[in-house]
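The chain contents come next:
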Amino acid sequence: MQRPPWRKVLYLRQPYEDNYVDASFLDSLVLNANLHRYEYASMCRNAMGIVQQLSLLSIFLSIWSRVLSKTWNHRDLLILDTALLLCGYAAGL
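Below: a short report on this structure. (Residues numbered from 1 in each chain as written. Predicted model: local features only at pLDDT ≥ 70, side-chain atom pairs only at ≥ 80, totals over all residues. Heavy atoms only, no water.)

**Re the overall build of the chain**
Phase 1: The helix and strand tally for the chain stands at two helices and zero strands.
Phase 2: In terms of overall dimensions, the chain is more spread out than a globule: its C-alpha atoms have a radius of gyration of 32 Å, far above the 12 Å expected for 93 residues.
Phase 3: Counting over 93 residues, the chain shows a buried share of 3%.
Phase 4: Accessible surface computed for the chain: about 9400 Å², of which carbon and sulfur atoms make up 62%.
Phase 5: Measuring between centres, the 9 positive side-chain charges of the chain sit 6 Å from its 7 negative side-chain charges. (Helix = DSSP H or I, 4+ residues; strand = E, 2+ residues; numbered from the N terminus. Rg over C-alpha atoms; globule rule 2.2 N^0.38 Å. Buried < 20%, exposed > 50% of the residue type's maximum accessible area, 1.4 Å probe, protein only. Areas by Shrake-Rupley, 256 points an atom, 1.4 Å probe, with all protein chains shown as cover. Lys, Arg positive; Asp, Glu negative; His and termini not counted. Charge placed at Lys NZ, Arg CZ, Asp CG, Glu CD.)

Shown next, in the form of C-alpha cells:
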C-alpha cells in the first residue's frame, strides 16, 4: 500500500509518526537572513556610555554610604570638590 506524500501541516492526520522528518523538511530554511556584522571597536565605543553611567552611579553610592556612616565629613567633601573644580579650570579641562 502506497502512503500519501508527507505534508508539512499540523491540522491533517497523516500516516506518519509524530516525530517524522521528511528529506524536504529543511528546504525552506533560511540561515542568517537578518544577520548584522558589527565591528569590535564600534561596539566598545557604544558601550562606553553605559559603562560611564554605571561607574558614576557606583562612585555616587560609595560616597553617599561613607557620608551616612560618618566616615567622611560634608565640609571635607566640599573643600575637595572646590579644589578639583579649581584644578580643572586652571588646566583648561
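Having seen the model, we can carry on.
**Things to note about helix H1 (residues 40-68)**
Phase 1: Here H1 contains 29 residues, and its C-alpha end-to-end distance of 41 Å stays within 8% of the 42 Å for a straight helix at 1.5 Å per residue.
Phase 2: Met-48 marks the point of greatest bend in H1, at about 30°.
Phase 3: Residue Lys-70 follows H1 closely and has a positive phi angle near 60°. (Expected span 1.5 Å × (residues − 1). Bend = angle between axes of the 7 residues up to and from the residue.)

**Focus: the packing of aromatic side chains**
Phase 1: This structure, assessed with the given rule, holds two aromatic pairs.
Phase 2: Taking 6.0 Å as the distance between ring centres and 65° as the angle between the ring planes, the aromatic pair formed by Trp-6 and Tyr-20 counts as edge-to-face. With Trp-6 in the segment before H1 and Tyr-20 in the segment before H1, this residue pair connects regions lying 14 residues apart in the sequence.
Phase 3: Here the aromatic rings of Tyr-16 and Tyr-20 are separated by 4.6 Å at their centres, their planes lie at 25°, and the arrangement is stacked.
Phase 4: By relative accessible area, Tyr-16 is classed as buried at 15%.
Phase 5: A connected cluster of aromatic rings, assembled from ring pairs, spans Trp-6, Tyr-16 and Tyr-20. (Phe/Tyr/Trp six-rings, centres within 6.5 Å; stacked < 30°, edge-to-face > 60°.)

**A closer look at helix H2 (residues 74-91)**
Within an α-helix, residues lying three or four positions from one another point in the same direction, as the helix has 3.6 residues per turn.
Phase 1: The end-to-end C-alpha distance of H2, which contains 18 residues, comes to 26 Å, matching closely the 26 Å that a straight helix rising 1.5 Å per residue would cover.
Phase 2: Taken across its 18 residues, H2 has zero buried, putting it largely on the surface.
Phase 3: Once H2 finishes, Gly-92 follows within two positions and takes phi at roughly 80°, a positive value.

**Digging into the side chain of Gln-14**
Phase 1: As for its position among the elements, Gln-14 is in the segment before H1.
Phase 2: There is a polar contact of 2.8 Å between the side chain of Gln-14 and the backbone oxygen of Arg-7.
Phase 3: For Gln-14, the contacting residues outside a window of four places in its chain are Pro-5, Trp-6, Arg-7 and Val-9. (Polar contact = N/O pair within 3.5 Å; in protein donor to acceptor, adjacent residues only side chain to side chain. Contact = heavy atoms within 4.5 Å.)

**Some details on the layout of surface pockets**
Phase 1: Considered as a void within the structure, the largest pocket measures approximately 300 Å³ in volume.
Phase 2: Along its surface, the largest pocket is lined by Trp-6, Arg-7, Lys-8, Val-9, Leu-10, Leu-12, Gln-14, Tyr-16, Glu-17, Asp-18, Tyr-20 and Phe-25. (1 Å grid on protein atoms, 1.4 Å probe; cavity = no way out; pocket = protein on both sides within 12 Å on 5 of 7 lines; lining within 4 Å. Points joined across faces, edges and corners; volume = space filled by probe spheres on them.)

**Topic: the environment of Tyr-20**
Phase 1: Taking the relative accessible area as the measure of exposure, Tyr-20 reaches 27% and is therefore partly exposed.
Phase 2: Put simply, Tyr-20 and Ala-83 are 63 residues apart on the chain and 76 Å apart in space, counted from C-alpha to C-alpha.
Phase 3: A polar atom in the side chain of Tyr-20 sits 3.2 Å from the side chain of Asp-22.

This is a description of form; function is not addressed.
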